[in-house]
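# A structural walkthrough
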Amino acid sequence: MSENPFFENWTTPFALPPFERIRPEHFPPAFDRAMAEHNAEIGAITGSAAAPTFANTLEALERSGRLLDRVSRVFFNLDASNTSDALEAIARDYAPKLAQHQTQIALDAALFARIAELYARRQTLGLAPDQLRLLERCHLRFVRSGALLRPEQKARMAAITERLATLHTLFGQNVLHDERDWQLVLDEADLDGLPDFARTAAAQAAKERAVEGRWVVTLARSSAEPFLTFSSRRDLRRRLWEAWTARGTHQGAHDNTPLIREIVALRAEQAQLLGYDNFAAYRLDDSMAKTADAVETLLQQVWAPAKAKAHEELVKLEKVARGEGLNEPIKPWDWRYYAEKVRQTEYDLDEAELKPYFVLDNMVEAAFDTARRLFGVTFTERSDLPVYHPDVRVWEVRDSVGNHVGLFLHDNFARPGKQSGAWSSRYRDQETLDGTVAPIVVNNNNFARGTPTLLSFDDAETLFHEFGHGLHSLLSRVRYRSQSGTAVRRDFVEFPSQILEHWMSAPETLRRYARHYETGQPMPEDLLGRLLAARTFNQGFETVELTGSALLDLDLHTEPSPQTLDLARFEREFLDRIGMPKEVGLRHRPAHFQHLFAGGGYAAGYYAYLWAEVLDADGYSAFMEAGDVFDHDLAERLKAIYRAGDTADPMELYRAFRGRDPNIAALLEQRGLTAAQ
Ligand SMILES: [Zn+2]
């Protein structure tokens, strides 16, 4: 093990991880040594005879755990993007060890005593605003981890945290297992209704899964959704839908049902140890929203008009379905199919007509150009740098005067061994504490590969969304690593990503970058007009899906007796209580709701998408009011939010950008929900 790359200084360009040399067996010894080093660093802080100062305690904490950060970043990024049996086994082994390690530090009484002493004197320490916030948030983090508890409560807290880490890991692995395990194999006769791009993608998926000469649809969203939208084979749509919604529910070794009960009960117990009624109350206490009531109020403001709009949409769907000879009620596996037909008749808009204009590479260029025009950064491809998979492309990011800003990795294609969904992550965070550290950011998508790869409109929005998170990490200009980029409250973190989506559908962007993959011609004005006119189409359905998931999350995490939770019954009663339209159904059933259970980050936090949408809709309307979506002054004020990371209160940052508090009107309008109220 003398050649473990984690024990060397990386001499690769930009100190990018030397991916080609990193092997699974390097991780366990690297984790072990990194945790030991981290403990020694913490021991040096708490063992110091000197009275606590901001420098010898807070800044020393910021400097601690560097190796652990480096190893963890590489490991968890690779485990998410490009996993293997070996990495999965290490994840199962180390998730509880790492959780235990972090908990030990969070519950270290000597360390907390130093932080608490500084916190008590914080107004007299002569701290700069970012330092004061760092101290306040550090103190709060320790309190919220249980630093004020009695020793036996601390021990219980630690045991729960460790167990939760294992449960989260298993939950995600079970979903991945069910997704890998299942495929819909099609013969030529089963392709009815599928446009060319969907056939090409299905042929490609068949090749990747070694199903010769046939076609395969998988449970990756980019594979499943087009099939549900276009396949005229109702029997096959139903089979796909049933497999899609059954992920995580199969009895046996990969059943997530018992895991959910245990996770929800343990979270509730932690919250109660800390003096909260339930997990949602605990989680929301440290958010922009503050309380479950505030979240519920927002969700209810959207839920009623969303259901009303979905009902209007259903009536239209039924009319088309009757016309096509369907004499049964619309089912969830019918919605996308008939919605597409309505879209074709009402807006004369056809996904298959649009798709040739959304070439992946062009939309990537569009995203880079948007960043250049708004924020003055440029992207140059570096094909000379090491990557962990041939799909990955690397770009060097520079500012307007040519200074290096960071690296941006783009990993866009679905493949076995990659988590579903889309996400943005980092191999390194920006900071300047001991000299400038440039960020290394990665965006993951799960697009179905083609030649060229064509995106749906939603895919293109997702691309911009993750790129918005990426810019939040890249544009960060903070002193301390723990305030860097996306290290903001959960219900604020989706603002920089969601507001960027608006520039994808800006006519200026579409006119320039939505070009036909064969002719290179821009999208005809008439098609562009129809596309924009259809923006609020099917928004009843989509808002019901989104809001329903947020309500489900809130209900699960305010559940009064989680220890005896009967999940099947809970789900039934929940759907009844909120009046979920049965033709829509849940976007995420609990057993595969990875936001909630494959980690703790979005637990009692799924509402954050809608919360942030209030801000992004309201924020983008400022550009519309200015009459220029690249308005220089507004872009500068928006950039300040991306730069600030967690150095300031999010509502203050928003007010400084917008000049006033946000309001919900723009959200209701952009989803077409004003008329339905
Ligand atoms: Zn996001």
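Above: the structure in question.
Conventions used here
- Residues numbered from 1 in each chain as written.
- Predicted model: local features only at pLDDT ≥ 70, side-chain atom pairs only at ≥ 80, totals over all residues.
- Heavy atoms only, no water.
- Helix = DSSP H or I, 4+ residues; strand = E, 2+ residues; numbered from the N terminus.
- Buried < 20%, exposed > 50% of the residue type's maximum accessible area, 1.4 Å probe, protein only.
- Axes fitted to C-alpha atoms, helices over the stretch in contact; angles between N-to-C directions.
- Parallel < 35°, antiparallel > 145°, perpendicular 65-115°, else oblique.
- Contact = heavy atoms within 4.5 Å.
- Nonpolar A, V, L, I, M, F, W, Y, C, P; charged D, E, K, R; others polar.
- Pairing = 2+ DSSP bridges.
- Phe/Tyr/Trp six-rings, centres within 6.5 Å; stacked < 30°, edge-to-face > 60°.
- Salt bridge = Lys/Arg side-chain N within 4 Å of Asp/Glu carboxyl O.

## Examining unusual backbone geometry
Residue P452 is reached from T451 by a cis peptide bond, and omega for that bond is -5°. Phi is positive for A15, which is not a glycine, with a value near 50°. Checked against the element boundaries, A15 lands in the segment before α1 (27-46). The exposure class of A15 is partly exposed, given its relative accessible area of 28%. The phi angle at A210 is positive, at roughly 60°, despite the residue not being glycine. One can find A210 in the loop between α8 (196-208) and β2 (215-217).

## Things to note about the packing of helix α2 (residues 54-63) against helix α6 (residues 129-145)
α6 packs onto α2 with a crossing angle of 75° between their chain directions and a minimal axis gap of 11 Å. Judged by the angle between their axes, α2 and α6 are roughly perpendicular. Only Q131, L134, L135 and C138 of α6 make contact with α2, whose side of the interface consists of F54, L58, E59, L61 and E62. Taken together, the residues of the contact of α2 with α6 break down into 6 nonpolar, 1 polar and 2 charged.

## Some details on the sheet that holds strand β3 (residues 378-381)
Strands sit in the order β3-β4-β5-β7-β6 across an open sheet of 5 strands; the sheet is mixed. Looking at strand neighbours, the two that pair on one side only are β3 and β6 (423-428), the edges of this open sheet. When strand polarity is set aside, the average angle formed by the axes of neighbouring strands in this sheet is 30°. The pairing of β6 with strand β7 (residues 440-447) spans 5 bridges and is classified as antiparallel. Its bridge partner lying in β7, W423 is registered against N444. Across the face of the sheet, helix α3 (residues 66-81) comes into contact with β5 (404-413), β6 and β7 while running at roughly 150° to β6.

## Brief notes about the packing of aromatic side chains
Scanning the model with the defined rule gives 42 aromatic pairs in all. Seen from their ring centres, W335 and F541 are 5.0 Å apart, and the 20° between their planes marks the pair as stacked. With W335 in helix α14 (residues 332-346) and F541 in helix α21 (residues 539-556), the pair connects residues that are 206 residues apart, well separated along the chain. With a centroid separation of 5.5 Å and an interplanar angle of 55°, the aromatic rings of F379 and F467 are classed as tilted. Taken together, the residues span a long stretch of sequence, with F379 in strand β3 and F467 in helix α17 (residues 457-474) at a distance of 88 residues.

## Observations regarding the pattern of salt bridges
Within the structure shown, the criterion is met by 64 salt bridges. Among the ionic pairs, E545 bridges to R336, the shortest N-O distance being 3.5 Å. Residue E545 is found in helix α21, and its partner R336 is found in helix α14; the two are separated by 209 residues along the sequence. In this structure, E545 and R336 share a single accessibility class: buried. Salt bridges here are not isolated pairs; linked through shared partners, they connect E208, D391, D411, R415, K418 and R449.

Shape is all these values report; function is a separate question.
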